[in-house]
Amino acid sequence: MDYVNPLRDVEDRRLPRIAGPCGMVLFGVTGDLSRKKVMPAIYDLANRGLLPPGFSLVGYARRDWADQDFAQIVHDSVKQYARTEFREEVWKQLAEGLRFVQGDFDDDGAFETLRRTIEELDQARGTGGNYAFYLAIPPGFFGSVVGQLQEHGLAQSPEDAWRRVVVEKPFGHDLESARELNDTLNGVFPSGSVFRIDHYLGKETVQNILAMRFANNMFEPIWNANYVDHVQITMAEDVGIGGRAGYYDGIGAARDVIQNHLMQLMALVAMEEPTSFEAESLRIEKQKVLASATLPRRLDVSTARGQYVEGWAGGDKVQGFLEEEGIKKSSTTETFAAITVNVETRRWAGVPFYLRTGKRLGRRVTEVAIVFKRAPHLPFTETATEELTQNALVIRVQPDEGMTLRFGSKVPGTAMEIRDVNMDFAYGGSFTEASPEAYERLILDVLLGDPPLFPRHEEVELSWKILDPVLAHWARKGKPDTYAAGTWGPPSAEAMLARDGRTWRRP
Ligand code: BG6
């Protein structure tokens, strides 16, 4: 019998990951997401030689544009936001594959034009019938678009070709609506062809959580309730809501960030070792964490939420949330949210996971801090350890990507005095390769049909199950607390940890 290397698939992944013949149809080309993330990432992939030479991008929107107008939009977005340098020859090749289709999301005629455009591109550019439909549009339109794709024969994979759909959060606004949304998508595309983007999973530093945990021997033995006191997951932004009032008002920080990015981070930190890095094995382990997560009984003291009022951002005076353009004066939408989650497993029993996020906080930083218990015994005088706090491993997701290990060390001198010091790993100092943007990685994975970095519907549902009671509790309470722009959230957030004898880190 032939020897079958069980690691074959893993080794195959090391080959250059270059997409085969294909194209993409982008719905919602005028939105921020398309201009700031999707279009630049496509150019960066092309520039890195990871797209096929005939790659084609079809923009679909209501605007009365010609192909050239669309090309101009893509050009401007690439010039402004691409990560890699602008090279005329790369742009020229990409631009030859740009097409624009004008229409509403339920316009039969326009979808017929789209079908013909794809056929034309298959002939002219050799895209082989392989297409990803990227829905960078509000979820309210998903039904229309996938319905039209189905009706015009665009959703079914032709023989020897693939059709995939890419969706962005919000995946619903609660458990029920998430299920409805999923039914809508699954009514047309088989679940293996639905790629849900949680762009945090595309970040290098987030993928590194798995490398750090499972490629090393020194962290795993202490990665449990015997040694870990608690975990803090912070995603702080210094910006306000910018021009996104329409999306943000009524959604708020918990739905915008905790339900997806922070729950995924928690799952990666808390999960057991997967049997492989295939999508299914990862999903099983993440799902187990989310299914074991519970909320403390008293939501009034184990959660906190706030709305920013006038304050400071980087030396500038900035207005409060209720004064932002497009926000209703009576809005109760939270711009800061913090929750306590318990993961009820043998590994994590008694170790709270504190998740917080907010706009207009002190600075932009995302980090995961594993805070360890104090040593069971300190054979020093009390004064010697006055300045010693708890050991901590801090995963710096962004900016200053890297990791910090905090531990106590003797201060040089004649007496025994112990103080916290940091040992640091910085990407910049260790690697010459620059990290790709999350969207580069994720779009490439869509085109390759490689699903491990995309959350499955089950994970989305479980995350809503955790969050829904908190949202219901807040809705009953009415108005959120307030905090001045440039601070670290409302006093209730401090109180939430103080009650457990702990404090938030000041990253
Ligand atoms: C998005 C949120 O998912 O993440 C935004 O909708 C937020 O509100 C953004 O600003 C932050 O992303 P990043 O990658 O800059 O941390």
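Residues numbered from 1 in each chain as written. Predicted model: local features only at pLDDT ≥ 70, side-chain atom pairs only at ≥ 80, totals over all residues. Heavy atoms only, no water.

K.L.:
Any chance you could break down the overall build of the chain for me, citing the residues and the numbers?
P.N.:
What the chain contains, in helices and strands, is 16 helices and 18 strands. In terms of overall dimensions, the chain has C-alpha extents of about 80 × 70 × 40 Å along its principal axes. In the chain, buried positions account for 53% of the 507 residues. For the chain, contacts bridging at least 24 residues in sequence account for 77% of all contacts bridging at least 6. Here the chain has roughly 23000 Å² of accessible surface; of this, 50% comes from carbon and sulfur atoms. Both charge centroids of the chain, one from 59 positive and one from 72 negative side chains, sit 5 Å from each other. (Helix = DSSP H or I, 4+ residues; strand = E, 2+ residues; numbered from the N terminus. Buried < 20%, exposed > 50% of the residue type's maximum accessible area, 1.4 Å probe, protein only. Contact = heavy atoms within 4.5 Å. Areas by Shrake-Rupley, 256 points an atom, 1.4 Å probe, with all protein chains shown as cover. Lys, Arg positive; Asp, Glu negative; His and termini not counted. Charge placed at Lys NZ, Arg CZ, Asp CG, Glu CD.)

K.L.:
Summarise the packing of aromatic side chains; cite the residues concerned and give the values.
P.N.:
Per the stated rule, a full pass over the model turns up 20 aromatic pairs. Relative to Trp 504, the ring of Tyr 354 has its centre 6.0 Å away and its plane inclined at 65°; by these criteria the two rings are edge-to-face. With Tyr 354 in strand E13 (residues 352-358) and Trp 504 in the segment after helix H16 (491-498), the pair connects residues that are 150 residues apart, well separated along the chain. The exposure class assigned to Tyr 354 is buried, which follows from its relative accessible area of 0%. Ring pairs connect the aromatic residues Phe 27, Tyr 60, Phe 105, Phe 111 and Phe 141, which therefore count as one cluster. (Phe/Tyr/Trp six-rings, centres within 6.5 Å; stacked < 30°, edge-to-face > 60°.)

K.L.:
Break down the site of the ligand for me, with residues and values.
P.N.:
Taken together, Lys 169, His 199, Tyr 200, Lys 203, Met 235, Glu 237, Arg 244, Asp 256, His 261, Lys 359, Arg 364 and Gln 398 make up the full set of residues near the ligand. Between Tyr 200 and the ligand, the recorded distance is 2.5 Å, taken from a side-chain N or O atom to an oxygen atom. With respect to the ligand, the side chain of Arg 244 contributes an N or O atom lying 2.9 Å from an oxygen atom. When the free accessible area of the ligand is taken as 400 Å², the share hidden by the protein chains comes to 82%. (Near = heavy atom within 4 Å. Polar contact = N/O pair within 3.5 Å; in protein donor to acceptor, adjacent residues only side chain to side chain.)

K.L.:
Which residues make up H16, and what values do they have?
P.N.:
Quick reminder: α-helices carry 3.6 residues per turn. Residues three or four places apart thus point the same way. For H16, the full list of buried residues reads Ala 493, Met 496 and Leu 497. For H16, the buried positions fall inside an angular range of 85° around the axis, keeping them on one side. Its buried side turned inward, H16 meets strand E7 (228-236), helix H12 (299-302), strand E9 (303-309), strand E12 (336-343) and E13. (Arc of directions from axis to C-beta.)

K.L.:
I'd love a proper account of the pattern of salt bridges, names of residues and values included.
P.N.:
This model, assessed by the stated rule, comprises 34 salt bridges. Arg 115 is paired through a salt bridge with Glu 112; the nearest N and O atoms lie 2.6 Å apart. Of this pair, Arg 115 and Glu 112 are both found in helix H5 (residues 108-125), three residues apart, which corresponds to roughly one turn of the helix. (Salt bridge = Lys/Arg side-chain N within 4 Å of Asp/Glu carboxyl O.)

K.L.:
Explain the packing of helix H10 (residues 252-270) against helix H11 (residues 279-292) to me, using residue names and the numbers behind them.
P.N.:
Axis separation between H10 and H11 bottoms out at 9 Å; the angle between their running directions is 110°. Classified by the angle their axes make, H10 and H11 are roughly perpendicular. Residues Met 263, Gln 264, Met 266, Ala 267, Leu 268 and Ala 270 of H10 form the contact with H11, whose own contacting residues are Lys 286, Val 289 and Leu 290. (Axes fitted to C-alpha atoms, helices over the stretch in contact; angles between N-to-C directions. Parallel < 35°, antiparallel > 145°, perpendicular 65-115°, else oblique.)

K.L.:
Which residues make up helix H14 (residues 438-448), and what values do they have?
P.N.:
Of all 11 residues in H14, nine are buried; the element is thus mostly enclosed. Turning to H14, its buried residues number three or more, namely Ala 438, Tyr 439, Glu 440, Leu 442, Ile 443, Leu 444, Asp 445, Val 446 and Leu 447. Buried positions along H14 lie against strand E1 (23-27), helix H2 (32-47), strand E4 (131-135), strand E5 (163-168) and strand E6 (194-197). Positive backbone phi, approximately 70°, marks Gly 449, located one or two places after H14.

K.L.:
Tell me about the pairing of strand E2 (residues 56-61), residues and numbers included.
P.N.:
Among the six residues of E2, six are classified as buried, and the element is accordingly described as predominantly covered. Burial along E2 is two-sided: the face carrying Ser 56, Val 58 and Tyr 60 and the face carrying Leu 57, Gly 59 and Ala 61 are both buried. The β-α-β motif built from E1, the intervening H2 and the parallel element E2 has right-handed crossover chirality. Relative to strand E3 (residues 98-102), E2 runs parallel, the two sharing five bridges. Bridge pairing in E3 places Ala 61 opposite Gln 102. (Right-handed = clockwise from strand over helix to strand, strands pointing away. Pairing = 2+ DSSP bridges.)

K.L.:
Lay out the environment of Ser 56 with the relevant residues and their values.
P.N.:
Inspection of the secondary structure puts Ser 56 in strand E2. By relative accessible area, which is 0% here, Ser 56 ends up buried. Sequence separation of Ser 56 and Phe 142 is 86 residues, and the distance between their C-alpha atoms is 22 Å. In contact with Ser 56, other than residues within four places in its own chain, are Cys 22, Gly 23, Met 24, Gly 97, Leu 121, Arg 125, Thr 127 and Tyr 131. Polar contacts involving the side chain of Ser 56 include one to the main-chain carbonyl oxygen of Gly 54, which spans 2.9 Å. Side chain to side chain, Ser 56 and Arg 125 meet in a polar contact 3.4 Å long.

K.L.:
Go over the sheet that holds E3 with me, naming the residues and quoting the values.
P.N.:
Strand order across the open sheet formed by six strands is E3-E2-E1-E4-E5-E6, with parallel pairing between neighbours. Since the sheet does not close on itself, it has two edges, and those belong to E3 and E6, each with one partner. Averaged over all pairs of adjacent strands, the angle between their axes in this sheet comes to 20°, without regard to strand direction. Pairing analysis gives five bridges linking E1 to E4, with the strands arranged parallel. Residue pairing for E4: Gly 23 is matched across the bridge by Tyr 131. Sheet strands in contact with H2 are E1, E2, E4 and E5, and its direction is about 175° off that of E1.

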